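Observations on the model geometry
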Amino acid sequence: MSVLELSVGESAQISGFANQKAACASQSMGLWEGQRIQIAHKFGAVVINVNFRTVAISKILAKEIYVSL
Amino acid sequence: MFHCDRCPFKRECNIVLAGNPNVGKSSIFHMLSGKYAEVSNYPGTSVAMAKARIHSGILMDTPGIYGLGDSQVEKITKEYMDKADVVVNVVGALTIDRDLFLTKQLMEMNCRLILVVNQIDEAEKRGISIDCEELSRTLGVRVVKTAAIKGVGRRELMDALQNFTINLCAMPNGSANVGEILGKCIATQRAKPCLSRKIDGLLLNPIVGLPVAALVLYALFKVLGVIVSGHVVDYLVSNIDEFYVPMVAKYTARFFGDSFFSKILSGEFGIFTMVVKMVCGILLPLIAGFYVVMSLLEDSGYIPRLTVLTNKFFNFLGLNGDAMIPMLLGLGCGAMGTISTRILGAEKEKIIATALVGIGVPCAAQQGIIIALLASRNDAGVWFTYVAVMLAVTTLCGMALNFLIKGDNSNFVIDIPPLRIPSLKNCCRKTTHRVRDFIGESLPIFALSSVFITTLNECGALRRIQLSLSPIVENLLHLPREFSDIFVMGIIRRDFASAGVFNMSENLLTTNAKILTATVVVSLFVPCINAVVVILKERGWRMALALWTGAFIISIAVGSVLTRSLEALTNV
Ligand SMILES: Nc1nc2c(ncn2[C@@H]2O[C@H](COP(=O)(O)OP(=O)(O)O)[C@@H](O)[C@H]2O)c(=O)[nH]1
């Protein structure tokens, strides 16, 4: 499943990326395979809590990041 | 004093500060050099390079980057890394899991690194400890902990820089992956609940977030329109008119009689009369007030939240939330806004953002005057109409460009920094620098413009321009003929034109309809000369010409539709 399918408050672990472009954009923001994330908000963009940080990503990118619960 | 042993001439060492956005590079730059580099709590502050000399080395602050990719900013920064003798890679203590991605890339480039873990105070407050010795062993580079805004770690960092040549044999080995490094070096003893995240629960929620954004806008209007304009500007302008201008006129008349030179100094458009009144009486208090409010917003970290809330809106314009940064910097100065379009990922986004900054984003000085002008009408409807018209025009332009320009959009990814209580010291320092920059840049242009307009006036050309522009000004815009002078001023600088409108509002622009039409026309008018030069450099002459002509046509077209609609409404 993708990050976009998670609902607000749900946690998951990043398991992969749909393509290289998505992988690069995510990794530069510290979203790499194995990171645990939690969805904080979904208005305007998908807001993710990861470790001590908060990152917002577009819904298109959220669709290209795969997670496992 | 240290020199680089790479260099046979024992020249000064090039020390480059590099790191992700918002990790505190500018704060480190200030801590090491004592020199000012703009500090804000949102990514993308440092779009230009700041330099300073420290201990015989040249320290350079570079724009924040997330990786060494192909974007314009990343390429420029990479060039600086190539020339660097030492790279001081700044990482944030709370964002280290993200920031080490760039560190690894720098190691792969064989850069000579010192790793600075900044914002250590925030990590400690949250019960997070970073074992820098372990980090240093794992990466094979010297690691220094700092809290730049408090000056903590300055001596250690200076020491690391001075001893760097001795330790050059310690070349980095970046074999471990980021996950492993973090597992070894970070310990969370008693992770405290983060207040910033709780507040985000409200700010990023549209039901609360959008009214908060409206409230912020209203506060800006109140501060500038009521406090600064209603009290400070009124006081200054009335004193300048009452005491200063007659005094200057008296002395210049005594020494230079009724000569041309006397007109240049103290005539209707004189350097010591009109320019002093515009700059000291009107612009200075307004832009200072505007920058104080902006600094508080920037340093609090509210702006990235606004970026997320407005992402959807920007999507309609062919942009994404990242475009908020050029728009915001454009609210300071159009030229700065245009330069910062470099941070956008796609060419299409750069073109659209440049056009929107050029057409629909009034600069700080202009906004200050516009808010003051609109507030003087004491009618919320006037303010609402102005905002609605400007938003509608900008949205329509963006949508049209999105439709016309082909190309993909970049991914929207933004780091949301923790909310922070703004530091009054940083706010004052930033405002002082921005105001000083504004005066330094605008005063000579204003003085030259005043000489130019006085010359036109004295040789009768201004009257001829007024006559030739009268079909536009009088027939299309239904404004007094003198408004043509504003066009001449606006071609030079839009804030100069706005100050002219402010001057004119006292006796020539007496109705709400006229004030609104005049402010909308100057807001949408052609970009200032310095913004045009930057557009030429960044996007080429075709775009500069198209934007200039487009802005001229749009401002007149919107002005003439608006004036007719307002007149029709008043007659109903
Ligand atoms: N608590 C804390 N905040 C810091 C520290 N260094 C920088 N900041 C804040 O972090 C934000 C970003 O700083 P800035 O120097 O503009 O980062 P840059 O974008 O990397 O140049 C600002 O709000 C600073 O006040 C620090 O050591 N401790």
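For the structure itself, consult the block above.
The following refers to the structure shown.

Here is what the cut-offs are and how they apply
- Residues numbered from 1 in each chain as written.
- Chains lettered and ligands numbered in written order.
- Predicted model: local features only at pLDDT ≥ 70, side-chain atom pairs only at ≥ 80, totals over all residues.
- Heavy atoms only, no water.
- Helix = DSSP H or I, 4+ residues; strand = E, 2+ residues; numbered from the N terminus.
- Buried < 20%, exposed > 50% of the residue type's maximum accessible area, 1.4 Å probe, protein only.
- 1 Å grid on protein atoms, 1.4 Å probe; cavity = no way out; pocket = protein on both sides within 12 Å on 5 of 7 lines; lining within 4 Å.
- Points joined across faces, edges and corners; volume = space filled by probe spheres on them.
- Pairing = 2+ DSSP bridges.
- Axes fitted to C-alpha atoms, helices over the stretch in contact; angles between N-to-C directions.
- Contact = heavy atoms within 4.5 Å.
- Phe/Tyr/Trp six-rings, centres within 6.5 Å; stacked < 30°, edge-to-face > 60°.
- Lys NZ or Arg CZ within 6 Å of the ring centre and 35° of its normal.

1. Description of unusual backbone geometry
With a phi angle near 50°, Asn51(A) is a residue other than glycine that sits in the positive phi range. Counting through the fold element by element, Asn51(A) comes out in the loop between β3 (46–50) and β4 (53–57). By relative accessible area, Asn51(A) is classed as partly exposed at 38%. Backbone geometry at Gln119(B) places phi at a positive 60°, although glycine is not the residue there. Within the element layout of this structure, Gln119(B) appears in the loop between β5 (113–118) and α4 (120–125).

2. A word on empty space enclosed by the protein
Tallied over the entire structure, the rule returns 1 cavity of 30 Å³ or more. Estimates place the volume of the largest cavity at around 190 Å³. Lining the largest cavity we find 22 residues, and of these Phe52(A), Arg53(A), Ile416(B), Pro417(B) and Pro418(B) sit closest to its centre. Of all the secondary-structure elements, those providing two or more residues to the lining of the largest cavity are β4 of chain A together with α8 (195–203) and β9 (413–416) of chain B.

3. Describing the sheet that holds strand β4 (residues 86–92) of chain B
Residue and element names in this part refer to chain B. Overall, mixed pairing links the 6 strands, which are arranged β2-β3-β1-β4-β5-β7 in an open sheet. Sheet topology places β2 (50–54) and β7 (142–145) at the edges, where each strand pairs with a single neighbour. The average angle at which neighbouring strand axes cross in this sheet is 25°, direction not considered. With 4 bridges joining them, strand β1 (residues 14–19) and strand β3 (residues 57–61) adopt parallel strand pairing. Pairing of Ile15 across the sheet is with Leu59, part of β3. With respect to the sheet, helix α1 (residues 25–33) is in contact with β1, β2, β3, β4 and β5, its orientation differing from that of β3 by roughly 155°. Of the strands in this sheet, β1, β4 and β5 touch helix α3 (residues 96–108), which is tilted by about 165° from β4.

4. A few points about the packing of aromatic side chains
Residue and element names in this part refer to chain B. Taken as a whole, this structure holds 10 aromatic pairs over all chains when the rule is applied. Seen from their ring centres, Phe313 and Phe314 are 5.7 Å apart, and the 55° between their planes marks the pair as tilted. When its relative accessible area of 6% is taken as the criterion, Phe314 is described as buried. An aromatic cluster is built from Phe483, Phe487, Phe525, Trp548 and Phe552, whose rings are joined through pairwise contacts. The residue whose ring lies beneath Lys83 is Tyr80, and the NZ or CZ to ring-centre distance is 5.1 Å. Against the face of Tyr251 rests Lys250, its NZ or CZ located 5.5 Å from the ring centre.

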